[in-house]
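Breakdown of the fold
Here's the letter readout for the chains.
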Amino acid sequence: MAVLGRKSPIPWLKPAVLTGSLVPIAAILERAWRDDLGPDPIAQALNQLGLIALVFLIAALGCTPLKAMFGWTWPMRIRRMLGLLAFFYALLHVITYTVLDQGLDWHAIVDDIVKRKFIFFGFSTFVLLIPLAATSTNAALRRLGYVRWKQLHRLAYLAPALAVLHFIWRVKLDVREPVAYGLVLAALLSVRLVDYLHDRKAMLMRQI
Amino acid sequence: MSRIGNIPSTSEITPETVYLRRREFIKSSLLFAATSSGVGSTLLWLMRGLRAKDQEKGADTVTPDDQSGLTVAQHFDYASGEKNTSYNAVTNYNNFYEFGTDKSDPAANAGSLRPHPWQLTIEGEVARPQIFDIDQLIKSFPLEERVYRMRCVEAWSMVIPWVGFPLRDLLTRVEPTSRAKYVAFKSLLDPKQMPGQRTDLLQWPYVEGLRIDEALHPLTIMAVGLYGKRLPNQDGAPIRLVVPWKYGFKGIKSIVNIRLTEEQPPTSWNIAAPDEYGFYANVNPAVDHPRWSQATERRIGEYHRRPTLPFNGYADQVAGLYAGMDLRRFF
């Protein structure tokens, strides 16, 4: 870990990842500007924003397993940023749905959330991300205390799982793509689980 | 004086820290460029998903070999003067799983379909079963332009100027027997021409069906063209069904066989997901798809959603076919 007050040994990492992470929104805006998002541009933008949000949710969850498996520490430096990028794209996805797709027809939106499990799961994912984004600062961590902060941020395991279900149920028939994301997620979660069980065993051994 | 001579004065020597910082700066810049473009291109690649090609408007669009116009005897507007959806959208936004599951796939992949020569067999409960050649068939009936609304079960819609002839004219010619209660349609089965048939997402060949009174309804047509030209491959060349009051998936494409039957025939989407897609599949804003609402639709090319009309706006003509039926049960 970086010693307090010393400069990060990889100063380029965060700006580089951030720059690359803004490519999707830049591409979507550029295509929208050129009227090149296909015959149903709203659906296209909606789907792509949602997909990128899911990618970042999974990427943020992948940081700890990467550290556990390969001993890399650099993923931990960008984990918070990846989580915030997930929230950013999820927010754009939700805005596209409520404003552009549904035209702020709140009756239809509430109806969708209550009646359709795929929208309910997508909406739940977004709601879970709000407290995580809101408590992402160092100040919030200090205010909550590490233990409670960590408990709250366990929601980061649940959010991508709900997002994958949201994706699977949205698809008409061809679930290959959402299932692929589900498998990646399952692999990452099982690394975490093995890690957790290992830690617990070590702790129990110490107690004996 | 030093023997080596020409030693730069100490003030000209780059301090080691600066020298290292410069190297560090160049190294960091390169790593920044590599990382940001790596992240960016990975994300763009993931955005493409399973699509055959990235969206390039109009690129690689399959156009029919025969670009000559079809001779159209009469024009009928059954879309209340609503604006036609652009030819570009009608030919680049298709659900035709034989060529891939993304709506841009058929335009990219349907070049492998050979719609000419083509034979259509009509058999089953008919007095005069026949095999028609597509050219002969097109010449046998006066072609009409029919502008219809097309409502997809996915809650989007188009207005399409089809060219074709009423299915009833074709059926009359083969003389259905009194036992003919249903009409079963079958698409081409050929994984070489239809690469999507190498997956088992749907059972192949694609099959569809109508009740005989639906098939004989004057609004039900066999389409052989759109926008005055022969059907592009991705729209179901050389001949397809169009039933404007039903969801688009009933409009089976690239038909090779029509069989009149006594029993209700199986239909592809109903086999794949029986609780989501029924045999009737009449456009009905009051009966939602289990996973999404059917109350509204987006007309391709428009910004705001519009309310979906019962029977896609053709209730006056067709509601009588379903008098006394529970349309929630027979969805």
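All of these numbers come straight from a predicted model, not from anything done at the bench.

Points about the overall build of chain A
Counting secondary structure elements, chain A contains 10 helices and 0 strands. With the C-alpha coordinates aligned to their principal axes, the bounding extent of chain A is approximately 60 × 40 × 35 Å. In chain A, buried positions account for 30% of the 208 residues. A fraction of 67% describes how many contacts in chain A between residues 6 or more apart in sequence connect residues 24 or more apart.

With respect to the overall build of chain B
Along chain B, the regular secondary structure elements total 8 helices and 13 strands. A globule of 331 residues ought to have a C-alpha radius of gyration of about 20 Å, yet chain B, at 29 Å, is considerably larger. A principal-axis box enclosing the C-alpha atoms of chain B has dimensions of 120 × 45 × 40 Å. Here chain B holds 331 residues, and 41% of them are scored as buried.

Description of the domain arrangement of chain B
Domains assigned within chain B are domain 1 (13–48) and domain 2 (72–322). Computed from C-alpha atoms alone, the centre-to-centre distance between domain 1 of chain B and domain 2 of chain B is 55 Å.

Some words on the interface of chain A and chain B
Each side of the interface is counted separately: chain A has 32 residues, and chain B has 33 residues. At the level of secondary structure, the elements contributing two or more residues to the side of chain A that touches chain B comprise α1 (13–21), α2 (23–33), α3 (41–70), α5 (106–115) and α10 (176–207) of chain A. The biggest single contributor to the side of chain A that touches chain B is α1 of chain A, with 7 residues. Looking at side-chain class alone, the side of chain A that touches chain B contains 17 nonpolar, 6 polar and 9 charged residues.

Description of the sheet that holds strand β2 (residues 119–124) of chain B
Residues and elements named next belong to chain B. On the basis of which strands lie adjacent, the open sheet formed by 5 strands has the order β3-β2-β11-β6-β7 and mixed pairing. A strand with exactly one partner marks an edge of an open sheet, and here the two such strands are β3 (130–133) and β7 (207–211). Between one strand axis and the next, the sheet turns through 15° on average, direction left out of account. In terms of strand pairing, strand β6 (residues 182–187) meets β7 through 5 bridges, oriented antiparallel. Paired with K186 across the bridge in β7 is V207.

Section: helix α9 (residues 155–170) of chain A
For an α-helix, the turn length of 3.6 residues means that residues three or four places apart are oriented alike. Look at α9 of chain A: 23 Å from first C-alpha to last across 16 residues, which is about the 22 Å you get at 1.5 Å a residue. Within the span of α9 of chain A, buried status applies to A159, P160, L162, A163, V164, H166 and F167 of chain A.

A short note on the nonpolar core
Core analysis: the largest hydrophobic core is formed by 70 residues, its most contacted members being I160, W162, V183, F185, M222 and A223 of chain B. Apart from the residues lying within four places of it in its own chain, the contact partners of V183 of chain B are G209, L210, I212, A215, I258 and L260 of chain B. Counting residues in each nonpolar core, the second largest holds 45 residues, with A43, I78, L162 and V164 of chain A among its members.

Structural notes on the pairing of strand β12 (residues 296–299) of chain B
Residue and element names in this part refer to chain B. Bridge analysis of strand β5 (residues 156–166) against β12 gives 2 bridges, and the strand direction is parallel. If you follow W156 over to β12, its bridge partner there is R298. As defined by bridge partners, β12 adjoins strand β13 (residues 305–307) across 3 bridges and the pair is classed as antiparallel. Looking across to β13, one finds that R298 is bridged to R305. The loop that links β12 with its antiparallel partner β13 comprises 5 residues; one of these, G301, has a positive phi angle of about 100°.

Re unusual backbone geometry
Residue and element names in this part refer to chain B. The amide bond that connects W204 to the next residue, P205, takes the cis arrangement and shows omega of -5°. Relative to the helices and strands, P205 is located in the loop between β6 and β7. Positive phi, normally seen in glycine, also occurs at S80, with a value near 50°. Among the structural elements, S80 can be located in the loop between β1 (72–77) and α2 (87–92). Positive phi, close to 55°, is recorded for E175, a residue that is not glycine. Structurally, E175 is set in the loop between α5 (167–174) and β6.

Description of the pairing of strand β11 (residues 255–261) of chain B
Residue and element names in this part refer to chain B. As paired strands, β2 and β11 are joined by 4 bridges and run parallel to one another. Each bridged residue has a counterpart across the sheet, and for I122 the counterpart in β11 is I258. Of the strand pairs in this sheet, β6 and β11 are connected by 6 bridges, and their pairing is antiparallel. Bridge pairing in β11 links Y182 to T261.

Quick word on α3 of chain A
Residues and elements named next belong to chain A. Between its first and last C-alpha, α3 extends 41 Å over 30 residues, near the 44 Å set by a 1.5 Å rise per residue. For α3, the principal kink sits at G62 and spans about 30°; a proline, P65, occurs within the next four residues. A positive backbone phi angle near 75° is found at G71, which sits one or two residues after α3.

Looking at the packing of α9 of chain A against α10 of chain A
Residue and element names in this part refer to chain A. Direction vectors running N to C along α9 and α10 enclose 160°, while the axes themselves pass 9 Å from each other. It follows from the interaxial angle that α9 and α10 lie roughly antiparallel. For the pair α9 and α10, the sense of crossing is left-handed. Residues Y157, P160, A161, V164, F167 and I168 of α9 form the contact with α10, whose own contacting residues are P178, V179, Y181, G182, L185 and L189.

Conventions used here
- Residues numbered from 1 in each chain as written.
- Chains lettered and ligands numbered in written order.
- Predicted model: local features only at pLDDT ≥ 70, side-chain atom pairs only at ≥ 80, totals over all residues.
- Helix = DSSP H or I, 4+ residues; strand = E, 2+ residues; numbered from the N terminus.
- Buried ≥ 20, exposed ≤ 12 C-beta atoms within 10 Å, placed from the backbone.
- Contact = placed C-beta atoms within 7 Å.
- Rg over C-alpha atoms; globule rule 2.2 N^0.38 Å.
- Domains from an automatic or database assignment.
- Nonpolar A, V, L, I, M, F, W, Y, C, P; charged D, E, K, R; others polar.
- Pairing = 2+ DSSP bridges.
- Axes fitted to C-alpha atoms, helices over the stretch in contact; angles between N-to-C directions.
- Expected span 1.5 Å × (residues − 1).
- Core = buried A, V, L, I, M, F, W, Y, C linked by C-beta atoms within 7 Å.
- Bend = angle between axes of the 7 residues up to and from the residue.
- Parallel < 35°, antiparallel > 145°, perpendicular 65-115°, else oblique.
- Left-handed = near helix turned anticlockwise from the far one by under 90°.

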